[in-house]
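Notes for the structure review
Residue-level listing of the chains:
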Amino acid sequence: MNNLELLSRLSCAFGPSGCESEVTKTIEKEITPYADSVYTDTLGNLVAVYKGKSSDKKLLLAAHTDEVGFMVSEIEDTGMLCFSKLGGIDNSVLLGKRVTVGDGRVRGVISSTPFHLIEKDKRCDAPSDGALYIDIGANSREEAEKLVSLGDFATFESEFFELGAHKIKGKALDDRAGAFVMIELLCRLYTEGVRPDFDLVLAFTVREELGYSGAGVVAARENPNAAIVLETTAIADLCGTPEHKRVAEQGGGAVISALDRSSIYPRDAVEYALDCAKRHGIPTQIKKFISGGNDAAHIGKTLDGIKVLAMSLPTRYLHSPACVVDKRDISSMLDHVYCIITDPKTKEVLL
Amino acid sequence: MTVEREILEKLLKIPTVSGHESEYAPKIKDALSVYFDEISIDGVGNVAVFKKSKNTNAKKLLIDAHIDQIGFLVSKTEEDGFLRVASIGGIDARTLPSSDVLVCSDAPFFAVVSSTPPHLSDSDSKLAIASEILIDTGFSSDELKSRVRIGDAVVFAGLPADLACGAICSPALDNKLCAAAALAALYEAECEYDTYVLLSVREESGGFVGARVGIAEIKPDMAIVCDVNFARAYGAQNRESIERGKGPSVSISALTDRVLTNDIISLAKQKEILLQTVVEASDLGSNANIAAITAEGVRTAAISLPITNMHSTSECASLSDLCDMKRLLAEIMGGKI
């Protein structure tokens, strides 16, 4: 896989839900040379248009730019920051992790009661929300208030690195990895001089992790004939997980959802995506266990209903500072979406 | 950069998990050889740094700071590129999921502790203890077996980083922070005593093995045990914690020498060095528990530095406390007690 440097920058960019501009600005710089037009809407969704040979139909691709994060909710006399979570984060991945807070990008560490001082039978309980706070080094409210304010956004600070032979580890790969695939796709289409049979709209959306997503707004404005959400999915593939609870496997290609907790996907679109991969010899897999949900739910019920597909990178440890993605899956997903877009049957079957 | 910070960063670069003394003790010695001439390694791997008194027939002062850190030893390579580990020292299960680790095999590499995302978890399940966790290496099973041997050390990854207001965070500040304070003090002090800084091994792994052996070998007239202590935090009572940024603390205990302890308090006052006190009646949670009863008996005091998140991936401490501890120890070495 090329361009690991871009994925690293996307992963490390600061973008908790509701505060995505650092991410969308990074993406805007990358896509502007390749897109026919680019705009940012009132919510901060970044949208690029890549014109087709014909403009009678339109396909929307969407990936969200936000990540799970935190918001400062109280500054204590001791200088410690209380916080609320933005998105679903399990408290087991918080203690001792480094975070970045506010516009000043102040470093902090998530802290709680030292474990030696906890009763023995409670030492394996994840700390409760009220027992967690962010330590930025300040020893008083006055010191802290010089650096951060109530309402400041925060996110994990996490080293991006290659893991083993084929994988990468970093924060926010949900869904920066999906956004990365969209950027690479646009670059590839442009560089090869390929124009699809329809207009392509690429949306880098906001606030997915909060459940009140910005993706529906883009769909309402653009009114596409169909949409494909490029996402990540939890996979439950750790050793010891029984077969019936496994969602997907890393290295097996993009995961096509037939059903998740927020959408039932149109059977014909699912079959077409699988068929397309098969015809072009691209690895793909179908989601085997019902979990999660994504922007497909918001796009699908926009206007008079939009046919929507979800393709996801099989990802370990979602919503933690250490998401793990397989580079081979990123390549497979890129090839898969590229084939769907360039396949002569797509316009007739999907749009 | 101050000498204590420079030494601290050098110490933090060397993984020091118990059992691997024969690898790490020579590395510690090398790292310190630019500052000191007399460094020795004993049979269990303790590194003793010595500076002679300017007087002849001087008494012997020993400053103990354990140099080992909590960590893991690889116990098994699993299918799909996962490692199983055994814990060395009191690992906090609450800090494990999704932490970065360094696998210290012949060619060291980064890996990550697995976690369960909220999409797949039962909300009230107990966290896995260290022996139950899976470490994800990203390698295939065959490649992993060729890279890793059973018994290889694993430590929390993460470089020291600055926080605001002169604080820093890093894994293994317990107890390299105090080791750095003691070494910097020795480096700067005009020693009135024949002074040893004992970087003792195997404190975290239980039994105070290194300190027992090291103190008995040196037979000091006086020992000061330096270790980290709990900084005030959510859920930590005032009586069992000290404040960060207010200097080191001296422990008041039935296991230490009260006269020596009071002398240290007076000295700090006289030299205007911030010093707190904490009562640790019958358990100091450190080598100070056994220092006094080593060999033929040693006058012992215990001084500590406050850190938050003890035994986590990011322990946090104050550089001003580190400096205050260095100053206090340098005064003691200079014979002001």
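In every chain, residue numbers begin from 1 and rise along the written sequence. All chains are assigned letters beginning with A, and all ligands numbers beginning with 1, in the order in which they are written. Note on the predicted model: pLDDT of at least 70 is required for a residue's local features to be given, and 80 or more for side-chain atom pairs to be given and counted; whole-chain, interface and lining totals, by contrast, use all residues. The basis for the side-chain values is all heavy atoms of the structure; hydrogens and waters are excluded.

1. Notes on the domain arrangement of chain A
Residues and elements named next belong to chain A. By domain assignment, chain A separates into domain 1 (4-67 + 171-350) and domain 2 (69-156). What counts as a domain boundary in this text is fixed by an automatic or database domain assignment. Each of domain 1 and domain 2 was reduced to a C-alpha centroid, and the two centroids are 32 Å apart. Residues count as neighbours in contact if any of their non-hydrogen atoms are within 4.5 Å of one another. Contacts between the two partners involve 13 residues from domain 1 and, on the opposite side, 14 residues from domain 2. Put simply, buried area is the surface a 1.4 Å probe can reach on two separate parts but cannot reach once they are joined, added for both. Between domain 1 and domain 2 the total buried area reaches about 1100 Å² when both faces are included, carbon and sulfur atoms providing 68% of it. Broken down residue by residue, the surface that domain 1 buries against domain 2 is led by Phe-14, His-319 and Pro-321, which jointly contribute 45%. Salt bridges are identified by distance alone: a Lys or Arg side-chain nitrogen within 4 Å of an Asp or Glu carboxyl oxygen. Between the two partners, domain 1 and domain 2, sit 1 salt bridge.

2. Some thoughts on the interface of chain A and chain B
Counting from both sides, the interface comprises 61 residues of chain A and, opposite them, 61 residues of chain B. Both faces combined, the contact of chain A with chain B buries some 4900 Å², and carbon together with sulfur accounts for 60% of it. The residue Arg316(A) makes a salt bridge to Asp136(B) at a minimum N-O spacing of 2.8 Å. Counting of polar contacts relies on pairs of N or O atoms within 3.5 Å, with two restrictions inside protein: one atom must be capable of donating a hydrogen and the other of accepting it, and residues adjacent in sequence are counted only when both atoms are side-chain atoms. At the boundary of chain A with chain B, the tally comes to 22 residue pairs in polar contact (both at pLDDT 80 or more). Secondary-structure elements contributing two or more residues to the side of chain A that touches chain B are β7 (106-111), β8 (133-135), β10 (161-163) and β11 (167-170) of chain A. Helix and strand assignments come from DSSP, with helices taken as H or I runs of at least 4 residues and strands as E runs of at least 2, each series counted from the N terminus. No other element matches the 5 residues that β7(A) contributes to the side of chain A that touches chain B. The residue makeup of the side of chain A that touches chain B, split by class, is 32 nonpolar, 16 polar and 13 charged. For this classification, Asp, Glu, Lys and Arg are treated as charged, while Ala, Val, Leu, Ile, Met, Phe, Trp, Tyr, Cys and Pro are nonpolar and the rest, including Gly, are polar.

3. Quick look at the pattern of salt bridges
All names here are of chain A. Overall, the coordinates contain 45 salt bridges over all chains when judged by the stated rule. Put simply, Glu-22 and Arg-105 hold a salt bridge, and the shortest N to O gap is 2.5 Å. Highlighted residues: Glu-22 in helix α2 (residues 21-31) and Arg-105 in the loop between β6 (98-101) and β7, separated in sequence by 83 residues. In this scheme, a residue with accessible area under 20% of its type's maximum is buried, one over 50% is exposed, and one in between is partly exposed, where area comes from a 1.4 Å probe on protein chains only. On the basis of relative accessibility, which here comes to 32%, the residue Glu-22 falls in the partly exposed class. Put simply, Glu-5, Arg-9 and Glu-30 are held in one network by salt bridges that share partners.

4. Digging into the nonpolar core
To define a nonpolar core, start from buried Ala, Val, Leu, Ile, Met, Phe, Trp, Tyr and Cys residues and group those joined through side-chain atoms within 4.5 Å. The biggest cluster of nonpolar side chains holds 72 residues, and the ones touching the most others in it are Leu61(A) and Ile299(A). Looking at this core, the element that brings in the most residues is helix α4 (residues 173-192) of chain A, giving 10 residues. When near neighbours in sequence (up to four residues on either side) are disregarded, Leu61(A) contacts Met182(A), Leu185(A), Leu200(A), Val201(A), Leu202(A), Ala203(A), Ile228(A), Val337(A) and Ile341(A). Ranked by size, the runner-up nonpolar core spans 63 residues in total, among them Val3(B), Phe36(B), Leu183(B) and Ala330(B).

5. Some thoughts on the layout of surface pockets
Residues and elements named next belong to chain B. A cavity here means a set of points on a 1 Å grid, drawn over the protein atoms and nothing else, where a 1.4 Å probe fits but cannot get out; a pocket is an open set with protein on both sides within 12 Å along at least five of seven lines, and a residue lines either one if it has an atom within 4 Å of a point. Grid points are joined across faces, edges and corners, and a volume is the space filled by probe spheres set on the points. As a volume, the largest pocket reaches approximately 1100 Å³. Forming the boundary of the largest pocket are 44 residues, of which Ser-115, Thr-116, Leu-120, Ser-121 and Ser-125 lie nearest the centre. Here the lining of the largest pocket is composed, by residue class, of 20 nonpolar, 13 polar and 11 charged.

6. A look at the packing of aromatic side chains
Residue and element names in this part refer to chain B. Any two of the Phe, Tyr and Trp rings considered here, Trp counted by its six-membered ring, make a pair once their centres fall within 6.5 Å; the pair's planes then place it as stacked at under 30 degrees, edge-to-face at over 60, or tilted in between. Here the structure, examined in full by the defined rule, presents 10 aromatic pairs over all chains. Aromatic side chains Tyr-35 and Tyr-187 sit 5.5 Å apart centroid to centroid with 85° between the ring planes, which places their arrangement in the edge-to-face category. Here Tyr-35, found in the loop between α2 (21-32) and β1 (38-41), pairs with Tyr-187, found in helix α4 (residues 173-188); they are 152 residues apart in sequence, far enough to count as distant. Judged by relative accessible area, which is 13%, Tyr-35 ranks as buried. For Tyr-187, a relative accessible area of 38% translates into the label partly exposed. When the ring of Phe-50 is compared with that of Tyr-196, the centres are 4.6 Å apart and the planes differ by 40°; the resulting orientation is tilted. Of this pair, Phe-50 sits in strand β2 (residues 47-51) while Tyr-196 is found in strand β12 (residues 194-200), placing the two residues 146 residues apart along the sequence. Neither residue differs from the other here; Phe-50 and Tyr-196 are each classed as buried.

7. A closer look at the sheet that holds β12(B)
Residue and element names in this part refer to chain B. Strand pairing requires that DSSP identify at least two bridges connecting the strands. Read from one edge to the other, the open sheet built from 8 strands follows the order β1-β2-β12-β3-β13-β16-β14-β15, with strand pairing classed as mixed. The open sheet has two free edges, formed respectively by β1 and β15 (276-279), since each of these has just one partner strand. Pairs of neighbouring strands in the sheet enclose a mean axial angle of 25°, with direction left out of account. Pairing analysis gives 2 bridges linking strand β14 (residues 249-252) to strand β16 (residues 299-307), with the strands arranged antiparallel. Of the residues in β16, the one forming a bridge with Ser-249 is Ser-304. Packing of helix α5 (residues 209-218) onto the sheet brings it into contact with β2, β3 (60-66) and β12, and relative to β12 it is tilted by some 160°. For helices, the fitted line uses only the C-alpha atoms of the stretch in contact; every axis is such a line through C-alpha atoms, and the angle between N-to-C directions lies from 0 to 180 degrees.

8. So, the sheet that holds strand β17 (residues 315-318) of chain B
Residue and element names in this part refer to chain B. On the basis of which strands lie adjacent, the open sheet formed by 3 strands has the order β10-β11-β17 and antiparallel pairing. Edge positions in the sheet fall to β10 (161-162) and β17, since each has one partner strand and no second. When strand β11 (residues 167-170) meets β17, the two strands line up antiparallel, connected through 4 bridges. Bridged to Ser-170 within β17 is Glu-315. The strands touched by α4 are β11 and β17; relative to β17, the strand with the most contacts, the crossing angle is about 25°. Against the sheet, helix α8 (residues 319-333) makes contact with β10, β11 and β17, and its axis sits at roughly 60° relative to β17, the strand it touches most.

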